[in-house]
Amino acid sequence: MKKLLSLTLGAALLAGCGALPLPSIALPDQNLSLPLSAGLENYVAYDDKDAFTGTGIPSLLSHVQIAGKVAYAGAGNLKQLAVYLRSSLPNCNTVFGSGVRLCAASGESAQRVGTLSLQNGVVTGFVLSGAALDAAAKVGHGYFGVQAVQGSSISGDTLNFTDMRASAKL
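Summary of the structure given here. (Residues numbered from 1 in each chain as written. Predicted model: local features only at pLDDT ≥ 70, side-chain atom pairs only at ≥ 80, totals over all residues. Heavy atoms only, no water.)

### With respect to the nonpolar core
Consideration 1: Within the largest apolar cluster, 30 residues are counted, with the highest numbers of intra-cluster contacts made by Ile66, Leu116 and Leu159.
Consideration 2: At the level of secondary structure, the elements contributing two or more residues to this core comprise strand 4 (62-73), strand 5 (80-86), strand 8 (112-117), strand 9 (123-129), helix 2 (131-139), strand 10 (143-150) and strand 11 (158-169).
Consideration 3: It is strand 11 that contributes the most residues to this core, 5 residues altogether.
Consideration 4: Look past the residues within four positions of leucine 116 in its chain and what remains in contact with it is Val70, Lys79, Gln80, Leu81, Val83, Phe126, Leu159 and Phe161.
Consideration 5: One finds Val44, Tyr46, Cys103 and Ala105 within the second-largest nonpolar core, a separate group that totals 6 residues. (Core = buried A, V, L, I, M, F, W, Y, C linked by side-chain atoms within 4.5 Å. Buried < 20%, exposed > 50% of the residue type's maximum accessible area, 1.4 Å probe, protein only. Helix = DSSP H or I, 4+ residues; strand = E, 2+ residues; numbered from the N terminus. Contact = heavy atoms within 4.5 Å.)

Following this line, the structure appears as structure tokens:
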């Protein structure tokens, strides 16, 4: 009985402190091919690759963050990108010959998980978070989308995400 009381009291104290931080989980490197962004400023371009495949993110997590490094490479002059995330691939316009889906940005605000500051050929750090990331982590699937905010990309430009780690709280 004493042990049960101690466990119950311990659980109550932990619950009262808020969410419990958990060890981070390594995520595989990602390489996103960017479409031509000129004329598509009002669209989010989603990649058809599931970024969470094989990651084993537990579904009980909340307050999920992804931190890592990103490098932009190409002939464009992107300086800033808004990043979006969906737990399932959206049913939007498919760009012929690619795995890119274009969705009107006006309906995507709830999917936004952060902003990347970029410089061609330079590796920069980033942190992504938000309700859309929590939702994607719960179902174990995540499809990244991007929208040019400053500058533009040329077809064939790439974003290389490395050293990514997902951290969360229980």
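### Overview of the packing of aromatic side chains
Consideration 1: Going through the model one piece at a time under the given rule, you end up with 2 aromatic pairs.
Consideration 2: Centroid distance phenylalanine 126 to phenylalanine 161: 5.4 Å. Interplanar angle 85°. Geometry classified as edge-to-face. Within this pair, whereas phenylalanine 126 is found in strand 9, its partner phenylalanine 161 is found in strand 11, the two being separated by 35 residues in sequence.
Consideration 3: For phenylalanine 126, a relative accessible area of 6% gives the class buried. (Phe/Tyr/Trp six-rings, centres within 6.5 Å; stacked < 30°, edge-to-face > 60°.)

### A closer look at the state of the cysteines
Formally, a disulfide is one covalent bond, and it connects the sulfur atom of one cysteine to the sulfur atom of another.
Consideration 1: Considering all chains together, one arrives at 1 disulfide under this definition.
Consideration 2: A sulfur-sulfur separation of 2.0 Å characterises the disulfide bridge that pairs cysteine 92 with cysteine 103. Taking the torsion about the S-S bond as the criterion, the cysteine 92 to cysteine 103 disulfide, at about 105°, is right-handed. A residue pair is termed long-range when its members are at least 10 positions apart, and cysteine 92 in the loop between strand 5 and strand 6 (93-94) and cysteine 103 in strand 7 (residues 100-104) qualify at 11 residues.
Consideration 3: What makes cysteine 103 buried here is its relative accessible area of 2%. (Disulfide = S-S within 2.5 Å.)

### Topic: the side chain of threonine 158
Consideration 1: Of note, threonine 158 is situated in strand 11.
Consideration 2: Of the residues examined, threonine 158 reaches a relative accessible area of 16% and is grouped as buried.
Consideration 3: Setting aside chain neighbours within four positions, we find threonine 158 in contact with Asn31, Leu32, Ser33, Leu34, Ala71, Tyr72 and Ala73.

### As for the environment of leucine 89
Consideration 1: Position of leucine 89 among the secondary structure elements: in the loop between strand 5 and strand 6.
Consideration 2: Classification of leucine 89 as partly exposed rests on a relative accessible area of 28%.
Consideration 3: Separated by 12 residues in the primary sequence, leucine 89 and arginine 101 have C-alpha atoms spaced 8.4 Å apart.

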